[in-house]
Amino acid sequence: MTDNPHTLERYRLPLAHGRQKHARALMAPAGRSVPATPLLLAGALLLGLAGILAWRNRERITEAASPILEDAMARGQALVTDALIKGNDLMDEARASSMAIGARVARLRRDDAGRSAVSNVY
């Protein structure tokens, strides 16, 4: 297969030439959809403005949010501790019930050792 530059032009990266043409080709669908959905463009502009304002005020936001984050971290640690205790309790219960089932199975196998019938484990 020959490398036809006209066929493969749309797959080339805009490294050497045609950057503006490539950018125009990528932005054309968005440009056509803006008149149909102007709220999309307005939302994107508001989101960009909010991002710029948040970046400029990041120190004040950090100071205001740090007590909230510390409180959430303390509550999260308490929840993790409670979950660990409950998980250990559940593991102990499961261990005890499995030991009881194992003892029952062993007893039934000992009772059926002399018989030729199928054991009644179930």
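Residue positions are given per chain, counted from 1 along the sequence in the order it is written. For this predicted model, a pLDDT threshold of at least 70 governs which residues receive local features, and a threshold of 80 or more governs which side-chain atom pairs are given and counted, while totals over whole chains, interfaces and linings are taken from all residues. Think of the side-chain values as coming from all heavy atoms in the structure, minus any hydrogens and water.

1. Topic: the overall build of the protein
Helix and strand labels come from DSSP, where a helix needs a run of H or I of at least four residues and a strand needs a run of E of at least two; each type is numbered from the N terminus. Looking only at helices and strands, the protein features 3 helices and 0 strands. Secondary structure elements of the protein occur, N-terminal to C-terminal, as α-α-α. Each residue is assigned to one of three classes by its accessible area relative to the maximum for its type, calculated with a 1.4 Å probe on protein chains only: buried under 20%, partly exposed between the two thresholds, exposed over 50%. A burial count over the protein gives 2% of its 122 residues as buried. Approximately 11300 Å² of the protein is accessible, and the part contributed by carbon and sulfur atoms is 65%. Note on areas: Shrake-Rupley with a 1.4 Å probe; residue coverage comes only from the protein chains shown.

2. Things to note about the confidence of the model for the protein
pLDDT is a residue-level measure of predictor confidence that goes from 0 to 100. Overall, the predicted model of the protein reaches an average pLDDT of 82, with 75% of residues at or above 70. Model confidence for the protein, summarised as mean pLDDT per element, is weakest for helix α1 (residues 19–33) at 76 and strongest for helix α3 (residues 58–111) at 92.

3. Notes on the packing of helix α2 (residues 38–56) against α3
Two elements in contact, α2 and α3, have axes whose closest approach is 5 Å; the angle formed by their N-to-C orientations is 75°. One finds that α2 runs roughly perpendicular with respect to α3. The segment α2 lies against α3, with A54, W55 and R56 engaging R58, E59 and I61. Split into classes, the residues belonging to the contact of α2 with α3 amount to 3 nonpolar, no polar and 3 charged. Here, axes are lines fitted to C-alpha atoms. For helices the fit covers the stretch in contact, and angles between N-to-C directions go from 0 to 180 degrees. Angular relationships are summarised with four words: roughly parallel below 35 degrees, roughly antiparallel beyond 145, roughly perpendicular across 65 to 115, and oblique for the angles in between. A contact between two residues is defined here by any heavy atoms of the two lying within 4.5 Å. Three classes are used: nonpolar for Ala, Val, Leu, Ile, Met, Phe, Trp, Tyr, Cys and Pro, charged for Asp, Glu, Lys and Arg, and polar for all others, with Gly counted as polar.

4. Here we look at the pattern of salt bridges
Only one rule defines a salt bridge in this text: a Lys or Arg side-chain nitrogen within 4 Å of an Asp or Glu carboxyl oxygen. Scanning all chains against the criterion turns up 3 salt bridges. Note that E59 is salt-bridged to R58, the shortest N-O span being 3.8 Å. As a salt-bridge pair, D92 and R95 come within 3.1 Å of each other at their nearest N and O atoms. One end of the pair is D92 and the other is R95, both in helix α3 and 3 residues apart, which spans about a single turn. Its relative accessible area of 44% is what places D92 among the partly exposed residues.

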